[in-house]
Amino acid sequence: MSGISFDPEAIRALAQILRDTDLSEIELADGESRLRVSRTIAAAPVVQYAAAPMAAPAALAAPAPAAPVAAAVSTDVTAATPGAITSPMVGVVYLAPEPGAQPFVTVGAKVAAGQTVMLIEAMKTFNQIKAPKAGTVTRILVESGAPVEYGEPLLVVE
């Protein structure tokens, strides 16, 4: 693998730079490899890696209308719930590719492994959230345009 080195000491050094400078994020890129270290005041640094850059969808000037949610948001769903897809980052979730468009998925929809189920916008970059396995969407736990936290359950695929 070429590109950025994922040496734990280098990542610690980047995290220290964040603390020393009160920055919230540092991102390094080398070819198609990218390393982003980010933090919030209340949480520890989060390290994210993407093998390829993501293309932004058509302009998202305003949040997409909320998709109908058949199942109410439930507090019994956690990141450990089987089939739960969790947020890999802090950002704003979008359930459709652009305002007014049909949502990527709805409750009851069948999804294939690797299918895009929503977008999370972070730092003006739209990141595709993909289904890790094939199945049926049984619950959508977020509304389009809502802020999400790292590790927050987004939807359940069973």
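Conventions used here
- Residues numbered from 1 in each chain as written.
- Predicted model: local features only at pLDDT ≥ 70, side-chain atom pairs only at ≥ 80, totals over all residues.
- Heavy atoms only, no water.
- UniProt positions renumbered as here; feature names shortened; annotations may be inferred.
- Helix = DSSP H or I, 4+ residues; strand = E, 2+ residues; numbered from the N terminus.
- Contact = heavy atoms within 4.5 Å.
- Areas by Shrake-Rupley, 256 points an atom, 1.4 Å probe, with all protein chains shown as cover.
- Core = buried A, V, L, I, M, F, W, Y, C linked by side-chain atoms within 4.5 Å.
- Buried < 20%, exposed > 50% of the residue type's maximum accessible area, 1.4 Å probe, protein only.
- Pairing = 2+ DSSP bridges.
- Polar contact = N/O pair within 3.5 Å; in protein donor to acceptor, adjacent residues only side chain to side chain.
- Phe/Tyr/Trp six-rings, centres within 6.5 Å; stacked < 30°, edge-to-face > 60°.

Looking at an unreviewed UniProt entry, one finds the chain named Biotin carboxyl carrier protein of acetyl-CoA carboxylase and attributed to Roseomonas marmotae. Entered under Function (unreviewed entry) in the UniProt record, the comment concerning the chain runs "This protein is a component of the acetyl coenzyme A carboxylase complex; first, biotin carboxylase catalyzes the carboxylation of the carrier protein and then the transcarboxylase transfers the carboxyl group to form malonyl-CoA." You can read under Pathway (unreviewed entry) in the UniProt record for the chain the words "Lipid metabolism; fatty acid biosynthesis."

Draft legend 1. Representation of the overall build of the chain. A count of helices and strands for the chain gives one helix and 11 strands. Sequence-ordered secondary structure for the chain, helices as α and strands as β, is α-β-β-β-β-β-β-β-β-β-β-β. Across the chain, contacts joining residues at least 24 apart in sequence account for 58% of those joining residues at least 6 apart. Here the chain has roughly 8,600 Å² of accessible surface; of this, 58% comes from carbon and sulfur atoms.

Draft legend 2. Structural context of the nonpolar core. If you look at the biggest cluster of nonpolar residues, it comprises 20 residues, and the most contacted ones within it are Val 117, Met 118 and Leu 155. Only β7 (116-122), β9 (135-140) and β11 (153-157) provide two or more residues apiece to this core. Looking at which element gives the most residues to this core, the answer is β7, with four residues. Counting residues in hydrophobic clusters, the runner-up holds seven residues, among them Leu 14, Ala 15, Leu 18 and Ile 26.

Draft legend 3. Here's a closer look at the environment of Val 148. Tracing the chain through its elements places Val 148 in strand β10 (residues 147-148). Spatially, the C-alpha atoms of Val 148 and Ser 87 are 7.1 Å apart, while their sequence positions differ by 61 residues. Setting aside residues no more than four positions away along its own chain, Val 148 makes contact with Ser 87, Met 89, Val 90, Gly 91, Val 93, Ile 120, Val 142 and Leu 154.

Draft legend 4. Geometry of the pairing of strand β8 (residues 125-130). Pairing of β7 with β8 involves six bridges; the strand directions are antiparallel. For Ala 122, the partnering residue across the bridge sits in β8 and is Thr 125. Hairpin geometry of β7 and β8 is characterised by an intervening segment of two residues between the two adjacent antiparallel strands and by a positive phi of about 55° at Met 123.

Draft legend 5. Inspection of the environment of Gln 128 at higher detail. By secondary structure assignment, the location of Gln 128 is in strand β8. Taking the relative accessible area as the measure of exposure, Gln 128 reaches 32% and is therefore partly exposed. The spatial distance from the C-alpha of Gln 128 to the C-alpha of Pro 97 is 9.8 Å, given a sequence separation of 31 residues. A distance of 3.3 Å separates a polar atom in the side chain of Gln 128 from a polar atom in the side chain of Thr 116. At a separation of 2.9 Å, a polar atom in the side chain of Gln 128 contacts the side chain of Lys 130.

Draft legend 6. Seen up close, the packing of aromatic side chains. A full pass over the atoms with the stated rule returns one aromatic pair. Look at Tyr 94 and Phe 126: their rings are 6.1 Å apart centre to centre, the planes differ by 50°, and that puts the pair in the tilted class. Residue Tyr 94 is located in strand β5 (residues 91-94), and its partner Phe 126 is located in strand β8; the two are separated by 32 residues in the primary sequence. Note on accessibility: Tyr 94 and Phe 126 belong to one class, buried.

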